[in-house]
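Fold and geometry: a report
Single-letter residue listing:
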Amino acid sequence: MLRAALVLAFAAALLLAGCGGDDEEFGGDLGVPLGAQNDSGQDGDATLSEVDAGTTRVVIDVGNAPANPQPAHIHRGSCENLDPEPAYGLENVVNGKSTTEVNVAMEDLVGQGFAVNVHKSADEAQVYVACGDIEEAAQVDEGR
């Protein structure tokens, strides 16, 4: 009986050791801190979650949100050097919150030079109020 328990414990340890994955895969959620821009006072976070192999859920939660809807996107580049043309549209941020499923694999966003961005309003889309670099967040997450 003791021998069977030891064999099972060893097998479980081997199984768990193999669950770490490799550097090519990304699993779990990734929190992307959103920093306030242009004195908006709107900081918060975006959480990226893999829904399936080709879909990523993006949940945005920012504080100090105005009453009007705010456009949000995933852009190529970084918050310091953002491509003004959105790569992926996200649901408008309403009352500080937005949830969108985008047709892109999470691994295609992580480490590929993308940022999550929130705009002031549809009329003032050129004014950015919050932004977070996906790649930077992934590097911090890897370091844990």
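Conventions adopted
Residues numbered from 1 in each chain as written. Predicted model: local features only at pLDDT ≥ 70, side-chain atom pairs only at ≥ 80, totals over all residues. Heavy atoms only, no water. Helix = DSSP H or I, 4+ residues; strand = E, 2+ residues; numbered from the N terminus. Buried < 20%, exposed > 50% of the residue type's maximum accessible area, 1.4 Å probe, protein only. Contact = heavy atoms within 4.5 Å. Salt bridge = Lys/Arg side-chain N within 4 Å of Asp/Glu carboxyl O. Polar contact = N/O pair within 3.5 Å; in protein donor to acceptor, adjacent residues only side chain to side chain. Phe/Tyr/Trp six-rings, centres within 6.5 Å; stacked < 30°, edge-to-face > 60°.

Moving on, we get to the environment of Gly77. Considering the arrangement of structural elements, one finds Gly77 in strand β4 (residues 70-78). The exposure class assigned to Gly77 is partly exposed, which follows from its relative accessible area of 26%. Each C-alpha atom of the pair Gly77 and Ala87 lies 10.0 Å from the other, and the pair is 10 residues apart in sequence. Residues contacting Gly77, with those up to four places away along its chain left out, are Gly113, Phe114 and Ala115.

Bringing the pattern of salt bridges into the picture now. All told, the structure shown has 3 salt bridges when counted by the stated rule. Between Arg57 and Glu101 there is a salt bridge, and its shortest N-O distance comes to 2.8 Å. Of this pair, Arg57 sits in strand β3 (residues 55-62) while Glu101 sits in strand β6 (residues 97-102); the two residues are 44 residues apart in sequence, bridging distant segments of the chain. In this structure Arg57 comes out as partly exposed when scored by relative accessible area, which is 31%. The closest approach of N and O atoms between Asp61 and Lys97, which form a salt bridge, is 3.0 Å. With a gap of 36 residues between them, Asp61 in strand β3 and Lys97 in strand β6 connect regions that are remote in the sequence.

Next up on the list: the side chain of Gln70. Note that Gln70 resides in strand β4. At a separation of 3.0 Å, a polar atom in the side chain of Gln70 contacts the side chain of Gln42.

Further remarks concern the packing of aromatic side chains. With the rule as written, the count across this model stands at 1 aromatic pair. Both rings, one in Tyr88 and one in Phe114, keep their centres 6.1 Å apart while their planes meet at 50°; by these two values the pair is tilted. Of this pair, Tyr88 sits in strand β5 (residues 81-93) while Phe114 sits in strand β7 (residues 114-119), and the two are 26 residues apart along the sequence. Residue classification places Tyr88 among the partly exposed positions, given a relative accessible area of 22%. Relative accessible area serves as the criterion here: at 4%, Phe114 is assigned to the buried category.

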